[in-house]
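# Structure assessment
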Amino acid sequence: MSKPPRIAIFGAGMIGNYLGGRLHAHARVRFIARPRVAATLKEHGLTVSDLHGHQQHIAPDALDVYTNPEAVRDAGLVLVTVKSAATMEAAHELSNVLAPGTPVISFQNGVRNAAELRASLPGHDVLTGMVPFNVTQPRPGHFHQGSSGDLMVERATALESFLSAFAASGLSLQRHDDMQAVLWAKLLLNLNNPLNALSGLPLRDELAQRSWRRCLALLQREGLRVLKAAGIRPAQLTALPARWLPSVLDLPDALFQRLAARMLAIDPLARSSTWEDLQMGRRTEVDYINGEIVELATSKGLGAPANAHVVSLIREAERSYVHWHAEALLEALRKAS
Ligand SMILES: NC(=O)c1ccc[n+]([C@@H]2O[C@H](COP(=O)([O-])OP(=O)(O)OC[C@H]3O[C@@H](n4cnc5c(N)ncnc54)[C@H](OP(=O)(O)O)[C@@H]3O)[C@@H](O)[C@H]2O)c1
């Protein structure tokens, strides 16, 4: 029997620890983590669970955790799971140590991470991936998947020998031919991340309120206009095409709950990673989400004032975090646009 593949997780946080924990029984997983995360894993071990009832625990001494990037040297596959602002540093560190030809998957939000990695890692298959679900850390060392969906990744022969490990781990990899269209579609959904943080509410409670959904619809309509002007067609990730989502979000609560039940099928405690970042006093990814719409609009001689306004509110929240009422924010966004 052949040995299980070696998979390195570069940037073990919410997503990295969750994916690594799921893969652990079917691959030789190595975690490259910051010292504080490594210490947590060494103290508590790693527990992964999901909203469908799956739960597994890995004892501390069964985990292979390093804080030095050197540790990726003998990996067969590397999953990059750092936040967007850390991609350039990760790319630089990987370029010093990665064995020639090792495939790399960017499992990150935003539309430019894989390109940044590719530019620094010539000679490697750098593949664009997408994580559709939300992960939170309810307790130290416990990573919980709070919503559904299959991982997506671009089609590549370099991945063939890893597919069975992902499938056996309950992480099916949906292969897609146009991952850039997938990333733009995900970005349109992620326009909600800062709203969720500004609401101070769990995602499910926020999305259950029409005024918050109307804020999101406004940001998405603006995003869709900009994408259209740039000739970008977002992929369809939800039951309805991306262009119909704002109209669904605008529906009254009772109708929305009936028609979009899947959108509300989220763990009651799940929140956006922007909320998480603000709690931890970290810089958020807003420049790589709403900021991308603003930048694309500018490059086409257009404006994206509502998304620009949200970027500036999150900048303020990074300095001093306050919650907004949905109606007040909706009015501010309407005024801005
Ligand atoms: N969380 C979610 O639910 C979710 C869902 C879908 C997609 N995503 C996307 O997935 C990506 C990862 O998100 P996340 O929530 O997992 O972020 P996260 O919890 O912040 O995890 C990233 C980890 O990587 C560490 N790191 C950064 N640079 C590193 C380096 N050079 N070497 C070793 N460790 C390094 C970070 O440490 P520092 O904090 O010290 O930099 C952090 O511990 C993001 O693009 C995010 O948007 C997240």
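Whatever comes next refers back to the structure up there.
Just so it is clear, the model here is predicted, and its values are computed rather than measured.

As a matter of local geometry, the ligand sits amid 27 residues, with Ile-15, Glu-93, Asn-109, Val-135 and Glu-285 nearest to it. Note that an oxygen atom of the ligand is positioned 3.5 Å from one of the backbone N or O atoms of Gly-11. Ile-15 is positioned with one of its backbone polar atoms (N or O) 2.8 Å from an oxygen atom of the ligand. Surface burial for the ligand is 90%, taken as the share of its 890 Å² of free accessible area covered by protein chains. For the shell around the ligand, the elements supplying multiple residues, two or more each, are α1 (14-23), α2 (35-44) and α3 (87-97). The residue makeup of the shell around the ligand, split by class, is twelve nonpolar, seven polar and eight charged.

This next bit is on the packing of helix α9 (residues 210-229) against helix α14 (residues 305-319). Here α9 crosses α14 at 125°, and the two axes come no closer than 8 Å. Between α9 and α14, the interaxial angle falls into the category oblique. Residue-level contacts link Leu-218, Leu-219, Glu-222 and Gly-223 of α9 to Pro-305, Ala-306, Asn-307 and Val-310 of α14. Each residue belonging to the contact of α9 with α14 can be placed in one class, and the counts come to five nonpolar, two polar and one charged.

Before going further, it helps to examine empty space enclosed by the protein. Gaps between atoms show up when a probe of the same size as a water molecule is rolled over them. Counted according to the given criterion, the structure contains one cavity of 30 Å³ or more. Each pocket or cavity is described by its volume, and for the largest cavity that value is around 70 Å³. Counting residues per element, the lining of the largest cavity draws most heavily on helix α6 (residues 179-190), which supplies three residues. Taken together, the residues that form the lining of the largest cavity break down as nine nonpolar, three polar and no charged.

The rules behind these values
Residues numbered from 1 in each chain as written. Predicted model: local features only at pLDDT ≥ 70, side-chain atom pairs only at ≥ 80, totals over all residues. Heavy atoms only, no water. Near = heavy atom within 4 Å. Polar contact = N/O pair within 3.5 Å; in protein donor to acceptor, adjacent residues only side chain to side chain. Areas by Shrake-Rupley, 256 points an atom, 1.4 Å probe, with all protein chains shown as cover. Helix = DSSP H or I, 4+ residues; strand = E, 2+ residues; numbered from the N terminus. Nonpolar A, V, L, I, M, F, W, Y, C, P; charged D, E, K, R; others polar. Axes fitted to C-alpha atoms, helices over the stretch in contact; angles between N-to-C directions. Parallel < 35°, antiparallel > 145°, perpendicular 65-115°, else oblique. Contact = heavy atoms within 4.5 Å. 1 Å grid on protein atoms, 1.4 Å probe; cavity = no way out; pocket = protein on both sides within 12 Å on 5 of 7 lines; lining within 4 Å. Points joined across faces, edges and corners; volume = space filled by probe spheres on them.

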